[in-house]
Amino acid sequence: MTARPVDPPTPATPATPSTPAQPVVEERPTIVMCPEGPMLLRGDAVIEDADGNRHRTTRPVSAVCRCNKSATKPWCDGTHKLLPKKLRP
Ligand code: FES
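About the criteria used
- Residues numbered from 1 in each chain as written.
- Predicted model: local features only at pLDDT ≥ 70, side-chain atom pairs only at ≥ 80, totals over all residues.
- Heavy atoms only, no water.
- Helix = DSSP H or I, 4+ residues; strand = E, 2+ residues; numbered from the N terminus.
- Buried < 20%, exposed > 50% of the residue type's maximum accessible area, 1.4 Å probe, protein only.
- Contact = heavy atoms within 4.5 Å.
- Areas by Shrake-Rupley, 256 points an atom, 1.4 Å probe, with all protein chains shown as cover.
- pLDDT = per-residue confidence, 0-100.

By the naming in an unreviewed UniProt entry, the chain goes by CDGSH iron-sulfur domain-containing protein and is assigned to Nocardioides oceani.

Below is the structure:
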């Protein structure tokens, strides 16, 4: 399976001057490729899998499987740690 980030969800309505301070919402997720492990996404994102199904992130940091062995695809479940090094992403 090849998962890739797609356009982020529509940002929340901007704060008006009378609204109290709001948390900063990043417009684009931060992406970190873990050596021999998952792709980490920080922020809101939508992942599209090889079948075209879209999966919205629900955590501040989400791990996307790159080894294709996770039981919870597109999310990493740690299975990559059990693979021989030559089969890790
Ligand atoms: S990268 Fe972690 S289970 Fe695939």
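Caption draft 1: Highlighting the overall build of the chain. Counting secondary structure elements, the chain contains zero helices and six strands. In sequence order, the secondary structure elements of the chain are arranged as β-β-β-β-β-β. Of all 89 residues assigned to the chain, the portion counted as buried reaches 28%. Expressed as a percentage of contacts within the chain between residues at least 6 apart in sequence, the contacts between residues at least 24 apart total 40%. Roughly 6400 Å² of accessible area belongs to the chain as shown, and the carbon and sulfur atoms make up 53% of that amount.

Caption draft 2: Region of the structure containing unusual backbone geometry. Cis geometry is found at the peptide bond from Lys73 to Pro74, where omega equals 15°. Residue position: Pro74 is located in the segment after strand S6 (61–64). In the Ramachandran plot, Glu36 falls in the positive-phi region, its phi being about 60° despite a non-glycine side chain. Structurally, Glu36 is set in the loop between strand S2 (30–33) and strand S3 (39–42). In this structure, Asn68 takes a positive phi of about 70° despite not being glycine. Secondary-structure assignment places Asn68 in the segment after S6.

Caption draft 3: Here's a closer look at the side chain of Ser62. Inspection of the secondary structure assignment puts Ser62 in strand S6. For Ser62, a relative accessible area of 5% gives the class buried. In this view, Ser62 contacts Met39, Leu40, Leu41, Thr57 and Trp75; residues no more than four positions away in its chain are not counted.

Caption draft 4: Fine view of the confidence of the model for the chain. Summarising the model, the chain shows a mean pLDDT of 82, and 70% of its residues fall at 70 or more. Here residues 12–17 is modelled with pLDDT under 50, and outside its nearest four sequence neighbours on either side it reaches one contact, counting other chains as well.

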